[in-house]
Amino acid sequence: MFSRVSSAATIGVEAFVVHAEVDIRLTGINTSFIIVGLPDAAVKESKERVLTALRNCDLYASMKRLTVNLAPADVRKEGPSFDLAIAVGILAARGEVEQGSHENKLFIGELALDGKLRRVSGVLPIALLAKTAGFDGIVLPADNAREAALVENLNVFPAETLNDVFLFLRGMKEIAPFSADEKDLWEAGVEYEVDFSDVKGQEHAKRALEIASAGSHNAIMVGPPGAGKTMLARRLPTILPDLSREECLAVTKLYSIAGLLRGDKPVVRTRPFRSPHHTVSNVALVGGGTFPKPGEVSLAHHGVLFLDELPEFKRDVLEALRQPMEDGMVTIARATTSLTFPATFILVGAMNPCPCGWFGDYTRECVCTPHQIQRYVKKISGPLLDRIDIHVEVPRLDTAKLTGDYTGEPSSAIRERANNARRIQHERYRGERIFSNAELGTRLMKKYCRLPQSAEDLLKSAIKKFGFTARAYDRIRKLSRTIADLAGREEILDQDVAEAVNLRTLDRKYWG
């Protein structure tokens, strides 16, 4: 007796169809249950979960030899999401479900020992696959239904138990396709727990982060402990332009694969903010592993990657950021395959100016030697620093501002200006396949970042004075373009270039 049931698995950020082929023999000397097709430990353990669930749902029947092949057999399978497909395959091979009832449907889900269906990871890319591959629908745990319903025009059949699926396939119980409330998914207001109005003073740093938000520029903040660097960085997502529906789906897809979605929040509506500890490994930061998974840079896709205490990160970890910062993606090569994860993020670094933290502070004396200071700041390499557009000092807050009642602009007001600047950029770069000033290449900079002669002379003077590299020269032009966009001007003025140069001088003060 033989049956074939369709399921799916993910590799990288994409899904592929897996066929659970079940063969049953009722005669033989020894009883056996074999799963083949490059299963990992979790898949091999499916036999215990599936047989026990069948028994507890009163669906078990004696079988001498049971063989399950997960095809294609040359791709490794991992995770418990094949449990439901294997169970349905067993029932179909025994002829206990309607002929053809399981055909052209995808089945995914983990089985508990009592037959209940538990949520699994990677449902959104699998649902996208089900639609593009032409399947009639997808049968899955009820806890995953809202996530799969993000895919339009796809029949999503949510089930609570294996018994529900069995009765549904026999035509004895109806499972209505899940219909998500579009207003609940996409139109609900986005709320943040923090706001820029919480930050007292630091107007220069706020302005720098507003420019970073408007043009998607990387930034680094240097200042003594307690100056507010982390506080500012955590509020950057609140002033970033609103996520589009396409961006929401791209971020949600990554979080689905990583298993970070919650049943009550099936879609990521806010910009991601990732803040890994400085002990993070290379693989954890950029992704990879024996079975490659997205790292922190990919989980920060369309959001913010915040690295606090930047010099404390290992040198090889920081250098691994250079490729995704340039390309907006991470490519992980293995002997048999090469996977690409998206990684378009704003990098925000924070660091002290010296090992003790008090170099340049007006109230406490620095105890570090010049050699110690240089060795500390040189942990940030020149090539990495050149890829960071904005360098801003965050000094200690003076007593009057610290103890006063002054509050700054709310995040909503700053975000509105950033949204207006991004709209200008989207319109300007229509057809260019870029979306922000930070993505401008050499050819496009010549076209869209033309400077008047007076501004060009000012920039030449700054290059001679500060010794800017060619990459820094390009970054200043991009920053000037963003500053002009924030002002609603198409022409770049001298004052825009001057402000952009001012946001690049820290590398000369500390690294020069």
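Look a little higher up for the structure.
Structural notes, computed from the coordinates. (Residues numbered from 1 in each chain as written. Predicted model: local features only at pLDDT ≥ 70, side-chain atom pairs only at ≥ 80, totals over all residues. Heavy atoms only, no water.)

What about the overall build of the chain?
Inference 1: Along its length, the chain carries 23 helices and 16 strands.
Inference 2: Seen through its principal axes, the chain has C-alpha atoms that stretch 90 × 50 × 45 Å.
Inference 3: Going through the 512 residues of the chain one by one, you find that 52% of them count as buried.
Inference 4: Contacts in the chain between residues far apart in sequence, at least 24 positions, make up 74% of those at least 6 positions apart.
Inference 5: Carbon and sulfur atoms form 50% of the exposed surface of the chain, whose accessible area is close to 22,800 Å².
Inference 6: Counting 68 positive and 66 negative side-chain charges, the chain places the averaged centre of each group 4 Å from the other. (Helix = DSSP H or I, 4+ residues; strand = E, 2+ residues; numbered from the N terminus. Buried < 20%, exposed > 50% of the residue type's maximum accessible area, 1.4 Å probe, protein only. Contact = heavy atoms within 4.5 Å. Areas by Shrake-Rupley, 256 points an atom, 1.4 Å probe, with all protein chains shown as cover. Lys, Arg positive; Asp, Glu negative; His and termini not counted. Charge placed at Lys NZ, Arg CZ, Asp CG, Glu CD.)

Looking at the pairing of strand β12 (residues 304-308)
Inference 1: With four of five residues buried, β12 is to be regarded as a mostly interior element.
Inference 2: One ladder, built from two bridges, connects strand β11 (residues 273-274) with β12; its direction is parallel. From the neighbouring strand, F273 faces β12, where its bridge partner is V304.
Inference 3: Across five bridges, the pairing between β12 and strand β15 (residues 346-351) is parallel. Of the residues in β15, the one forming a bridge with L307 is G349. (Pairing = 2+ DSSP bridges.)

Regarding the packing of aromatic side chains
Inference 1: Considering all chains together, one arrives at four aromatic pairs under this definition.
Inference 2: With a centroid separation of 5.2 Å and an interplanar angle of 40 degrees, the aromatic rings of F157 and F168 are classed as tilted. In this pair, F157 is assigned in strand β9 (residues 155-159) and F168 in helix α6 (residues 162-169), connecting sequence segments eleven residues apart. Pair check on accessibility: F157 and F168 agree, each one buried.
Inference 3: Ring centres of Y429 and Y448 lie 5.1 Å apart, and the angle between their planes is 80 degrees; this geometry places the pair in the edge-to-face category. Residue Y429 is found in the loop between α18 (411-428) and α19 (442-448), and its partner Y448 is found in helix α19; the two are separated by 19 residues along the sequence. (Phe/Tyr/Trp six-rings, centres within 6.5 Å; stacked < 30°, edge-to-face > 60°.)

Overview of the packing of helix α3 (residues 83-93) against α6
Inference 1: For the pair α3 and α6, the least separation of the axes is 11 Å and the interaxial angle reads 45 degrees. Put simply, α3 runs oblique to α6. Along this stretch, α3 crosses α6, giving a crossing that reads as right-handed. Residues L84, A87, V88 and L91 of α3 lie in contact with α6, whose contacting residues are L162, V165, F166 and L169.
Inference 2: Taken together, the residues of the contact of α3 with α6 sort by class into eight nonpolar, no polar and no charged. (Axes fitted to C-alpha atoms, helices over the stretch in contact; angles between N-to-C directions. Parallel < 35°, antiparallel > 145°, perpendicular 65-115°, else oblique. Left-handed = near helix turned anticlockwise from the far one by under 90°. Nonpolar A, V, L, I, M, F, W, Y, C, P; charged D, E, K, R; others polar.)

A closer look at the pattern of salt bridges
Inference 1: Evaluated as defined, the whole model comprises 33 salt bridges.
Inference 2: Its salt-bridge partner being R271, residue E247 comes within 3.5 Å of it at the nearest N-O pair. Taken together, the residues E247 in helix α10 (residues 245-257) and R271 in the loop between α10 and β11 connect sequence positions 24 residues apart.
Inference 3: A salt bridge links R481 to E490; its shortest N-O distance comes to 3.8 Å. (Salt bridge = Lys/Arg side-chain N within 4 Å of Asp/Glu carboxyl O.)

Overview of the sheet that holds β11
Inference 1: The five strands lie next to each other as β11-β12-β15-β10-β16, forming an open sheet whose pairing is parallel. With one partner strand each, in any of the chains shown, β11 and β16 (390-393) form the two edges of the open sheet.

With respect to the environment of L503
Inference 1: With respect to the element layout, L503 can be found in the loop between α22 (494-502) and α23 (506-511).
Inference 2: Taking relative accessible area as the criterion, L503 reaches 2% and is therefore assigned buried.
Inference 3: Between the C-alpha atom of L503 and that of N437, which follows or precedes it by 66 residues, the distance is 16 Å.
Inference 4: In this structure L503 touches H204, A208, I211, D389, I390, H391 and L479, once residues within four positions along its chain are discounted.

Details of the state of the cysteines
Simply put, disulfide is the name for a covalent bond between the sulfur atoms of two cysteines.
Inference 1: A complete count under the given rule lists zero disulfides for this structure.
Inference 2: Its sulfur unpaired, C354 is 3.5 Å from the next cysteine sulfur, which belongs to C356. (Disulfide = S-S within 2.5 Å.)

Topic: helix α2 (residues 46-56)
Given 3.6 residues to a turn, an α-helix orients residues that are three or four positions apart in the same direction.
Inference 1: Buried residues of α2: S46, R49, V50, L51, A53 and L54, and no others.
Inference 2: The inward-facing, buried residues of α2 contact β3 (32-36), α1 (41-44), α3, β6 (110-111) and α6.
Inference 3: A positive phi of about 60 degrees marks D58, the residue just after α2.

Some thoughts on the side chain of D496
Inference 1: With respect to the helices and strands, the residue D496 is situated in helix α22.
Inference 2: Separated by 2.9 Å, the side chain of D496 and the backbone nitrogen of L493 make a polar contact. (Polar contact = N/O pair within 3.5 Å; in protein donor to acceptor, adjacent residues only side chain to side chain.)

Regarding the side chain of R428
Inference 1: When you line up the elements, R428 lands in helix α18.
Inference 2: Those residues within four positions of R428 in sequence are excluded, and the remaining contacts are N437, Y448, R481, D485 and E490.

Thoughts on the nonpolar core
Inference 1: Counting residues in hydrophobic clusters, the biggest one holds 49 residues, and the most contacted among them are L232, L236, V348, I390 and L440.
Inference 2: Not counting residues up to four positions away in its chain, the partners in contact with L440 are Y429, I434, M445, Y448, C449 and K478.
Inference 3: By size, the runner-up hydrophobic cluster in this structure holds 43 residues, among which are I35, V68, V165 and F166. (Core = buried A, V, L, I, M, F, W, Y, C linked by side-chain atoms within 4.5 Å.)

A word on helix α15 (residues 370-377)
Inference 1: Every buried residue of α15 is listed here: I373, Y376 and V377. Seen along its axis, α15 keeps its buried residues to an arc of 85 degrees; they face one direction. In α15, those exposed residues whose orientation departs by more than 90 degrees from the buried face are H371 and R375. (Arc of directions from axis to C-beta.)

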